[in-house]
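Now for the letters of each chain:
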Amino acid sequence: MIESVGVGYGSVVVGELINVFCLLRLEDVVRENADRREGPAMLHGQTRLYAERSAGLDLERVLSVWTAGHHLVELVASTYYQYAHVTVTMAVLLWIWLRHPAFYGWARTSLVLINLAGLTVFFLYPVAPPRLLPGSGVVDGAITVGRASVIGHVNADQYGAMPSLHIAWAVWVAVVLWRALGPRWQSAVIYPVATAVVVVPTGNHYLLDIPAGAARAAPAPAPPAAGPARGVRTGV
(Lines give C-alpha, C1' and ligand atoms only; values in the text may rest on other atoms or scores of the structure.)
Protein backbone atom coordinates (compact mmCIF):
# COMPACT_ATOMS: atom_id res chain seq x y z
CA MET A 1 0.00 0.00 0.00
CA ILE A 2 2.75 2.40 1.00
CA GLU A 3 4.70 1.46 -2.12
CA SER A 4 1.71 2.18 -4.39
CA VAL A 5 1.17 5.54 -2.73
CA GLY A 6 4.82 6.39 -3.26
CA VAL A 7 4.64 5.42 -6.92
CA GLY A 8 1.48 7.50 -7.40
CA TYR A 9 3.05 10.52 -5.69
CA GLY A 10 6.18 10.15 -7.81
CA SER A 11 4.11 10.08 -10.99
CA VAL A 12 2.35 13.30 -10.00
CA VAL A 13 5.67 15.04 -9.31
CA VAL A 14 7.10 13.86 -12.64
CA GLY A 15 3.98 15.11 -14.45
CA GLU A 16 4.24 18.53 -12.84
CA LEU A 17 7.94 18.77 -13.66
CA ILE A 18 7.15 17.97 -17.29
CA ASN A 19 4.60 20.82 -17.33
CA VAL A 20 7.20 23.20 -15.94
CA PHE A 21 9.83 22.03 -18.44
CA CYS A 22 7.46 22.51 -21.39
CA LEU A 23 6.56 26.06 -20.29
CA LEU A 24 10.20 26.96 -19.77
CA ARG A 25 11.06 25.59 -23.21
CA LEU A 26 8.31 27.69 -24.79
CA GLU A 27 9.69 30.76 -23.03
CA ASP A 28 13.14 29.92 -24.41
CA VAL A 29 11.72 29.69 -27.94
CA VAL A 30 10.13 33.12 -27.58
CA ARG A 31 13.33 34.67 -26.20
CA GLU A 32 15.48 33.00 -28.85
CA ASN A 33 13.56 35.01 -31.47
CA ALA A 34 14.36 38.32 -29.77
CA ASP A 35 16.26 39.70 -32.78
CA ARG A 36 13.32 39.06 -35.12
CA ARG A 37 10.88 40.55 -32.63
CA GLU A 38 12.85 43.70 -31.79
CA GLY A 39 11.65 45.86 -34.69
CA PRO A 40 7.94 45.02 -34.34
CA ALA A 41 8.24 45.29 -30.54
CA MET A 42 9.61 48.83 -30.74
CA LEU A 43 6.92 49.85 -33.24
CA HIS A 44 4.15 48.35 -31.13
CA GLY A 45 5.55 50.04 -28.03
CA GLN A 46 5.61 53.44 -29.73
CA THR A 47 2.06 52.88 -30.98
CA ARG A 48 0.86 52.01 -27.48
CA LEU A 49 2.57 55.04 -25.99
CA TYR A 50 1.09 57.31 -28.67
CA ALA A 51 -2.39 55.91 -27.99
CA GLU A 52 -2.01 56.61 -24.29
CA ARG A 53 -0.79 60.15 -24.95
CA SER A 54 -3.73 60.78 -27.23
CA ALA A 55 -6.05 59.69 -24.41
CA GLY A 56 -4.12 61.60 -21.73
CA LEU A 57 -3.06 58.38 -20.01
CA ASP A 58 0.72 58.55 -20.55
CA LEU A 59 1.84 58.48 -16.91
CA GLU A 60 4.88 56.26 -17.51
CA ARG A 61 7.47 59.05 -17.80
CA VAL A 62 6.16 61.15 -14.90
CA LEU A 63 5.91 58.18 -12.54
CA SER A 64 9.27 56.68 -13.49
CA VAL A 65 11.10 60.02 -13.15
CA TRP A 66 9.52 60.64 -9.74
CA THR A 67 10.37 57.13 -8.56
CA ALA A 68 13.96 57.40 -9.82
CA GLY A 69 14.33 60.57 -7.75
CA HIS A 70 13.57 58.66 -4.56
CA HIS A 71 16.19 55.94 -4.24
CA LEU A 72 14.54 53.94 -1.48
CA VAL A 73 11.21 53.92 -3.31
CA GLU A 74 12.94 52.80 -6.51
CA LEU A 75 14.86 50.10 -4.68
CA VAL A 76 11.73 48.70 -3.04
CA ALA A 77 9.69 48.87 -6.26
CA SER A 78 12.39 47.24 -8.41
CA THR A 79 13.06 44.51 -5.84
CA TYR A 80 9.34 43.81 -5.53
CA TYR A 81 8.96 43.71 -9.31
CA GLN A 82 11.85 41.32 -9.82
CA TYR A 83 11.32 38.88 -6.96
CA ALA A 84 7.70 38.85 -5.75
CA HIS A 85 6.38 37.81 -9.17
CA VAL A 86 7.83 34.29 -9.10
CA THR A 87 8.28 33.82 -5.35
CA VAL A 88 4.70 34.58 -4.28
CA THR A 89 3.10 32.71 -7.18
CA MET A 90 5.13 29.53 -6.67
CA ALA A 91 4.65 29.68 -2.90
CA VAL A 92 0.86 29.91 -3.29
CA LEU A 93 0.82 27.09 -5.84
CA LEU A 94 2.88 24.85 -3.54
CA TRP A 95 0.72 25.74 -0.56
CA ILE A 96 -2.46 24.90 -2.48
CA TRP A 97 -0.93 21.56 -3.48
CA LEU A 98 -0.01 20.69 0.11
CA ARG A 99 -2.98 22.13 2.01
CA HIS A 100 -5.89 22.34 -0.45
CA PRO A 101 -5.30 19.56 -3.01
CA ALA A 102 -8.89 19.68 -4.27
CA PHE A 103 -8.09 23.09 -5.76
CA TYR A 104 -4.64 22.28 -7.10
CA GLY A 105 -5.64 20.98 -10.54
CA TRP A 106 -7.80 24.02 -11.19
CA ALA A 107 -5.17 26.45 -9.90
CA ARG A 108 -2.36 24.86 -11.92
CA THR A 109 -4.43 24.66 -15.09
CA SER A 110 -5.45 28.31 -14.77
CA LEU A 111 -1.82 29.37 -14.34
CA VAL A 112 -0.68 27.28 -17.31
CA LEU A 113 -3.39 28.78 -19.54
CA ILE A 114 -2.43 32.29 -18.43
CA ASN A 115 1.17 31.64 -19.43
CA LEU A 116 0.32 29.96 -22.72
CA ALA A 117 -1.86 32.90 -23.72
CA GLY A 118 0.81 35.37 -22.64
CA LEU A 119 3.61 33.60 -24.52
CA THR A 120 1.46 33.43 -27.64
CA VAL A 121 0.88 37.19 -27.55
CA PHE A 122 4.55 37.87 -26.80
CA PHE A 123 5.57 35.87 -29.87
CA LEU A 124 2.93 37.12 -32.31
CA TYR A 125 2.60 40.70 -31.06
CA PRO A 126 5.76 41.66 -29.14
CA VAL A 127 5.72 44.97 -27.29
CA ALA A 128 8.82 46.66 -25.92
CA PRO A 129 8.46 48.16 -22.43
CA PRO A 130 8.51 51.97 -22.19
CA ARG A 131 11.96 51.94 -20.59
CA LEU A 132 13.44 50.62 -23.87
CA LEU A 133 11.78 53.13 -26.19
CA PRO A 134 14.20 55.79 -27.50
CA GLY A 135 13.04 59.28 -26.61
CA SER A 136 10.28 58.13 -24.26
CA GLY A 137 11.93 59.74 -21.24
CA VAL A 138 10.98 56.72 -19.13
CA VAL A 139 13.62 55.75 -16.57
CA ASP A 140 14.73 52.12 -16.28
CA GLY A 141 14.30 51.45 -12.58
CA ALA A 142 16.47 48.32 -12.57
CA ILE A 143 19.44 50.25 -13.97
CA THR A 144 18.87 53.13 -11.57
CA VAL A 145 19.32 50.91 -8.53
CA GLY A 146 21.98 48.73 -10.13
CA ARG A 147 19.93 45.57 -10.71
CA ALA A 148 20.14 43.42 -13.82
CA SER A 149 17.13 43.14 -16.11
CA VAL A 150 15.93 39.81 -14.76
CA ILE A 151 12.89 38.55 -12.92
CA GLY A 152 14.52 37.16 -9.81
CA HIS A 153 16.97 34.64 -11.23
CA VAL A 154 14.97 34.15 -14.46
CA ASN A 155 15.94 36.05 -17.61
CA ALA A 156 13.11 38.35 -18.59
CA ASP A 157 11.56 38.57 -22.04
CA GLN A 158 12.47 42.08 -23.11
CA TYR A 159 9.57 42.32 -25.56
CA GLY A 160 6.73 40.93 -23.47
CA ALA A 161 5.27 44.09 -21.98
CA MET A 162 1.69 43.35 -23.05
CA PRO A 163 -0.18 41.78 -21.40
CA SER A 164 1.53 42.15 -18.04
CA LEU A 165 2.07 38.66 -16.66
CA HIS A 166 3.05 40.30 -13.38
CA ILE A 167 -0.52 41.56 -13.12
CA ALA A 168 -2.01 38.31 -14.45
CA TRP A 169 -0.11 36.20 -11.93
CA ALA A 170 -0.95 38.59 -9.09
CA VAL A 171 -4.66 38.45 -9.91
CA TRP A 172 -4.36 34.66 -10.13
CA VAL A 173 -2.91 34.59 -6.61
CA ALA A 174 -5.78 36.68 -5.23
CA VAL A 175 -8.45 34.61 -7.01
CA VAL A 176 -6.93 31.30 -5.91
CA LEU A 177 -6.68 32.37 -2.26
CA TRP A 178 -10.21 33.73 -2.27
CA ARG A 179 -11.76 30.67 -3.94
CA ALA A 180 -9.83 28.17 -1.83
CA LEU A 181 -10.19 29.87 1.54
CA GLY A 182 -13.44 31.79 1.27
CA PRO A 183 -14.49 35.44 1.73
CA ARG A 184 -12.12 36.05 4.65
CA TRP A 185 -9.30 36.10 2.10
CA GLN A 186 -10.77 38.90 0.02
CA SER A 187 -7.98 41.04 1.44
CA ALA A 188 -5.68 39.15 -0.96
CA VAL A 189 -6.72 41.78 -3.53
CA ILE A 190 -4.03 43.96 -1.91
CA TYR A 191 -1.37 41.92 -3.72
CA PRO A 192 -2.46 42.64 -7.31
CA VAL A 193 -3.10 46.26 -6.35
CA ALA A 194 0.46 46.55 -4.98
CA THR A 195 1.80 44.92 -8.14
CA ALA A 196 -0.12 47.38 -10.29
CA VAL A 197 1.45 50.21 -8.32
CA VAL A 198 5.03 49.13 -9.21
CA VAL A 199 4.84 47.88 -12.81
CA VAL A 200 4.48 51.34 -14.38
CA PRO A 201 6.87 53.47 -12.24
CA THR A 202 9.69 50.95 -12.78
CA GLY A 203 9.38 51.50 -16.54
CA ASN A 204 8.42 47.91 -17.31
CA HIS A 205 4.83 48.35 -18.43
CA TYR A 206 2.36 50.79 -19.89
CA LEU A 207 -0.71 51.86 -17.97
CA LEU A 208 -2.93 49.91 -20.38
CA ASP A 209 -0.96 46.72 -19.66
CA ILE A 210 -2.59 46.60 -16.22
CA PRO A 211 -6.18 45.94 -17.36
CA ALA A 212 -4.85 43.71 -20.15
CA GLY A 213 -2.98 41.59 -17.63
CA ALA A 214 -5.95 41.43 -15.28
CA ALA A 215 -8.20 40.33 -18.13
CA ARG A 216 -5.72 37.61 -19.06
CA ALA A 217 -6.03 36.20 -15.52
CA ALA A 218 -9.62 35.06 -16.10
CA PRO A 219 -9.58 31.64 -14.43
CA ALA A 220 -10.19 28.26 -16.00
CA PRO A 221 -13.51 26.48 -15.38
CA ALA A 222 -14.88 27.04 -11.87
CA PRO A 223 -13.08 25.23 -9.04
CA PRO A 224 -14.77 23.00 -6.46
CA ALA A 225 -16.41 24.60 -3.44
CA ALA A 226 -14.03 25.65 -0.67
CA GLY A 227 -13.41 22.91 1.84
CA PRO A 228 -11.26 22.24 4.90
CA ALA A 229 -7.51 22.22 4.49
CA ARG A 230 -5.64 18.94 4.41
CA GLY A 231 -4.90 17.83 7.93
CA VAL A 232 -7.55 20.10 9.51
CA ARG A 233 -10.13 18.30 11.58
CA THR A 234 -13.78 19.13 11.21
CA GLY A 235 -16.73 18.48 13.45
CA VAL A 236 -16.88 18.41 17.24
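Within any chain, residue numbers begin from 1 and follow the written order of that chain's sequence. At least 70 in pLDDT is required for a residue's local features to be given in this predicted model, at least 80 for side-chain atom pairs to be given and counted, and no such filter applies to totals for whole chains, interfaces and linings, which use all residues. Here the side-chain values reflect all heavy atoms present in the structure, with hydrogen atoms and water set aside.

Things to note about the confidence of the model for the protein
Short version of the rule: pLDDT gives the predictor's per-residue confidence on a scale running from 0 to 100. A run of DSSP states H or I qualifies as a helix once it reaches four residues; a run of E qualifies as a strand once it reaches two. Both are numbered from the N-terminal end. Whether two residues touch is decided by their heavy atoms; if any such pair falls within 4.5 Å, the residues are in contact.
Of all residues in the protein, 74% have pLDDT values of 70 or greater, and the mean over the chain is 79. Strand β1 (residues 150-151) is the least confidently modelled element of the protein, averaging 44 in pLDDT, while helix α8 (residues 190-199) averages 94, the highest of any element. The low-confidence segment residues 1-7 (pLDDT under 50) makes 0 contacts with residues lying over four places distant or belonging to another chain. For residues 231-236, every residue scores under 50 in pLDDT, and the model assigns this stretch 3 contacts once sequence neighbours within four places are set aside.

Overview of the environment of Val 73
Within the fold, Val 73 resides in helix α4 (residues 71-99). Separated by 128 residues in sequence, Val 73 and Pro 201 place their C-alpha atoms 9.9 Å apart. Excluding residues that lie within four positions of it along the chain, Val 73 makes contacts with Trp 66 and Thr 67.

Considering unusual backbone geometry
Look at the link from Met 162 to Pro 163: it is a cis peptide, with omega at 0 degrees. One can find Pro 163 in the loop between β2 (154-155) and α7 (165-181).

A few points about the environment of Pro 130
The condition that has to hold: Only protein chains enter the accessibility calculation, which uses a 1.4 Å probe; a residue is then buried when its area is under 20% of its type maximum, exposed when over 50%, and partly exposed in between.
Position of Pro 130 relative to the elements: it lies in the loop between α5 (101-124) and α6 (141-144). Since its relative accessible area comes to 0%, Pro 130 is described here as buried. Between the C-alpha atoms of Pro 130 and Val 200, which are 70 residues apart in sequence, the distance is 8.8 Å. The residues contacting Pro 130, other than those within four sequence positions of it, are Glu 60, Ser 136, Val 138, Gly 203, Asn 204, His 205 and Tyr 206.

Quick notes on the packing of aromatic side chains
To be explicit about the condition: To pair, rings of Phe, Tyr and Trp, with the six-membered ring standing in for Trp, must have centres within 6.5 Å; the planes then decide the type, stacked if under 30 degrees apart, edge-to-face if over 60, and tilted in the middle.
A full pass over the atoms with the stated rule returns 3 aromatic pairs. Centroid distance Phe 103 to Trp 106: 6.4 Å. Interplanar angle 70 degrees. Geometry classified as edge-to-face. Here the residue Phe 103 and the residue Trp 106 both occupy positions in helix α5, the gap between them amounting to 3 residues, near one helical turn. According to the relative accessible area criterion, Phe 103 is buried, its value standing at 2%.

What to know about empty space enclosed by the protein
In this approach a probe as big as a water molecule rolls over the atoms, and the regions it shows empty are the leftover space. Basically, it comes down to this: Buriedness of a pocket was judged along seven lines, with at least five required to meet protein on both sides within 12 Å; pockets are open sets of points on a 1 Å grid over the protein atoms alone, cavities are sets where a 1.4 Å probe fits but cannot get out, and lining residues have an atom within 4 Å of a point. Grid points are joined across faces, edges and corners, and a volume is the space filled by probe spheres set on the points. In this classification, the charged set is Asp, Glu, Lys and Arg, the nonpolar set is Ala, Val, Leu, Ile, Met, Phe, Trp, Tyr, Cys and Pro, and all remaining amino acids, among them Gly, are polar.
If you walk through the whole model with that rule in mind, you get 1 cavity of 30 Å³ or more. Within this model, the largest cavity holds a volume of roughly 40 Å³. Surrounding the largest cavity, Tyr 80, Tyr 81, Ala 84, His 85, His 166, Tyr 191 and Thr 195 form its lining. Here the element with the most residues in the lining of the largest cavity is α4; it accounts for 4 residues. Of the residues belonging to the lining of the largest cavity, the class tally is 4 nonpolar, 3 polar and no charged.

Focus on the nonpolar core
In plain terms, the rule: The set of buried Ala, Val, Leu, Ile, Met, Phe, Trp, Tyr and Cys residues whose side-chain atoms join them within 4.5 Å is what this entry labels a nonpolar core.
Grouped together as the largest cluster of nonpolar side chains are 34 residues, with contacts concentrated most on Val 92, Ile 96, Ala 107, Ile 114, Trp 172, Val 176 and Val 199. Within the residue set of this core, elements represented by two or more residues are α4, α5, α7 and α8. Of all the elements, α7 adds the most residues to this core, at 13 residues. Counting residues in each nonpolar core, the second largest holds 9 residues, with Val 127, Ala 128, Leu 133 and Tyr 159 among its members.

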